[in-house]
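Spelled out, the chains give:
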Amino acid sequence: MTRLEAERRAVVEHASELADLTPGRTGNLSVRGEGEDADAFAITPTGVPYNAFDLADVPVVGTDGERVAGEMAPSSEVPMHSAIYRREDVGAIVHTHSPWTTALAVADEPLPPIHYMIVAVGKRVPVADYAPYGTDDLAANIVAAMDEADSTAALIENHGLVVTAPDLPTALENTHHVESLARLYLESRSAGLEPQTLSDEQLETVLEKFESYGQ
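The name given to the protein chain in an unreviewed UniProt entry is Class II aldolase, with Natronobacterium lacisalsi AJ5 as the source organism.

Here it is in structure tokens:
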């Protein structure tokens, strides 16, 4: 059996969804292995269209950053993905330069709780301090921002968005949630309106309702 076959297949099946979220080939995603393979992850290859590779092409990288399988070179953001997996107990990561969240990121402005669906990732989406892409410093900044805000997502100053989740479909769905909320927030403000924010108490009520639905 090919190492991380299910995870590599998930990358192939879902990579094309990045095209709806991020310009050009600027996005990447990864899926962590399970059990004995939790020290490795499958990740999108670098520099190719999202629909131009198959399972054998998908790189497998150890959480130490070393490629262990796959015909194509991995994303340049391997240091970010590997460092996040070393620090966080998550199953998948999605990184995009989606326009509305990136607009907030370049303004160094966190996304506040303007809508109850923000609880999909936390009570707000913080901004991680800038560091050069493809570095461990960037990953450390992202993890620090998410930990401080108790969020599974972070905007990256002058860069984009990263979302973590237990699995890839959830990470992609939550990426769409955050991008949609960023758009609502910025369009409200551009219309001269002042978006209201939900209180912690109101958000806790939403979380309780979500838990009762099994979400």
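Trainee: Can you lay out the packing of helix 2 (residues 78-87) against helix 4 (residues 136-149) for me, pointing to particular residues and giving the numbers?
Mentor: At a minimum axis distance of 8 Å, the contact between helix 2 and helix 4 shows a crossing angle of 45°. In this view, helix 2 runs oblique relative to helix 4, as classed from their interaxial angle. For the pair helix 2 and helix 4, the sense of crossing is right-handed. Where helix 2 approaches helix 4, its residues P79, M80, A83, I84, R86 and R87 are matched on the opposing element by D136, L138, A139, A140, I142 and V143. In terms of residue class, the contact of helix 2 with helix 4 is made up of nine nonpolar, no polar and three charged.

Trainee: Describe the side chain of T175, naming the residues involved and giving the relevant values.
Mentor: Mapped onto the elements of the fold, T175 is located in helix 5 (residues 168-190). Discounting residues that sit within four places of it in the chain, T175 has contacts with L21, V94, T96, L161 and V163.

Trainee: Could you give an account of the side chain of S75, naming the residues involved and the relevant values?
Mentor: When you line up the elements, S75 lands in the loop between strand 4 (67-69) and helix 2. Taking relative accessible area as the criterion, S75 reaches 7% and is therefore assigned buried. Apart from residues lying up to four places away in sequence, S75 is in contact with N28, I43, T44, P45 and T46.

Trainee: Could you give an account of helix 6 (residues 200-212), with specific residues and numbers?
Mentor: For helix 6, with 13 residues, the first-to-last C-alpha span of 18 Å sits near the 18 Å given by 1.5 Å per residue. Of all the residues in helix 6, the buried ones are L203, V206 and F210. Summarising the axial view, the buried residues of helix 6 lie within an arc of 55°, below the 170-degree limit, and thus occupy one face. Among the exposed residues of helix 6, those oriented more than 90 degrees off its buried face are E201, E208, E211 and S212.

Trainee: An account of unusual backbone geometry is needed here, citing residue identities and associated values.
Mentor: The backbone of D150 shows a phi angle near 55°, a positive value even though the residue is not glycine. With respect to the helices, strands and loops of the structure, D150 is situated in the loop between helix 4 and strand 7 (153-156). For N158, which is not glycine, the phi dihedral falls at a positive 55°. Residue position: N158 is located in the loop between strand 7 and strand 8 (160-165).

Cut-offs and rules
Residues numbered from 1 in each chain as written. Predicted model: local features only at pLDDT ≥ 70, side-chain atom pairs only at ≥ 80, totals over all residues. Heavy atoms only, no water. Axes fitted to C-alpha atoms, helices over the stretch in contact; angles between N-to-C directions. Helix = DSSP H or I, 4+ residues; strand = E, 2+ residues; numbered from the N terminus. Parallel < 35°, antiparallel > 145°, perpendicular 65-115°, else oblique. Left-handed = near helix turned anticlockwise from the far one by under 90°. Contact = heavy atoms within 4.5 Å. Nonpolar A, V, L, I, M, F, W, Y, C, P; charged D, E, K, R; others polar. Buried < 20%, exposed > 50% of the residue type's maximum accessible area, 1.4 Å probe, protein only. Expected span 1.5 Å × (residues − 1). Arc of directions from axis to C-beta.

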